[in-house]
Amino acid sequence: PKSDVDWAVKRAAAMPAPGDYEVRTAQTIGGRFSTAAPKTDIEWRIFRSSQVPGPGAYSVDKTYKLRGGRMSQSRLVSDVDWILRRAAKTPGPGSYETEKKNLRNGGRFSTAHPKSDVDWRIYMASR
């Protein structure tokens, strides 16, 4: 009977060595870097301007008559004027009459004994 080593040697002998077979290389057909010089921003602006007619290159219809307008003579209300108008309509601090009630001096602390969460659970369970 053959040992594990004998079987490993037999399998290794059946396999080709790294230099025993020919490797086919894939032919790459690819692109290349462009050698074109793209237009700069200034060159694009020059190109676009050359496509547009100049100020005297076209005629304007002279039959249309322009008439002048009028400037408004109204006086606009400024922010300060709005504030003064609003202040004139708002009563001052001494203009109010307050109703005097019999109020105690200062406040009070509550003397109530509210139920705790445990008390409420006991109460709800007893119902």
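Model, not experiment: these values are computed from the prediction.

A. Focus on the pattern of salt bridges. Tallied over the full model, the rule gives 2 salt bridges. For the salt bridge of arginine 45 with aspartate 41, the shortest nitrogen-to-oxygen distance reads 3.3 Å. One end of the pair, arginine 45, and the other, aspartate 41, are both in helix α2 (residues 41-51), 4 residues apart, so they sit about a helical turn from each other. Taking the relative accessible area as the measure of exposure, arginine 45 reaches 54% and is therefore exposed. Where aspartate 81 meets arginine 75, a salt bridge forms, and the shortest distance between an N and an O atom there is 3.5 Å. Relative accessible area serves as the criterion here: at 22%, aspartate 81 is assigned to the partly exposed category. Under the relative-accessibility criterion, arginine 75 is labelled exposed at 68%.

B. Structural context of the environment of threonine 90. Mapping threonine 90 onto the fold places it in the loop between α3 (79-89) and α4 (117-126). Assessed through its relative accessible area of 45%, threonine 90 is described here as partly exposed. Taking the C-alpha atoms as reference points, threonine 90 and glycine 30, separated by 60 residues in sequence, lie 83 Å from one another. Within the local environment of threonine 90, its side chain forms a polar contact with the backbone oxygen of arginine 86, the two atoms lying 2.8 Å apart.

C. Structural detail: the packing of aromatic side chains. A complete count under the given rule lists 2 aromatic pairs for this structure. Taking the centre distance of 5.9 Å and the plane angle of 85° together, the rings of tryptophan 44 and phenylalanine 47 count as edge-to-face. Linking tryptophan 44 with phenylalanine 47, this pair stays in helix α2, spanning 3 residues, or about one helical turn. We classify tryptophan 44 as partly exposed; its relative accessible area is 35%.

The rules behind the values
- Residues numbered from 1 in each chain as written.
- Predicted model: local features only at pLDDT ≥ 70, side-chain atom pairs only at ≥ 80, totals over all residues.
- Heavy atoms only, no water.
- Salt bridge = Lys/Arg side-chain N within 4 Å of Asp/Glu carboxyl O.
- Helix = DSSP H or I, 4+ residues; strand = E, 2+ residues; numbered from the N terminus.
- Buried < 20%, exposed > 50% of the residue type's maximum accessible area, 1.4 Å probe, protein only.
- Polar contact = N/O pair within 3.5 Å; in protein donor to acceptor, adjacent residues only side chain to side chain.
- Phe/Tyr/Trp six-rings, centres within 6.5 Å; stacked < 30°, edge-to-face > 60°.

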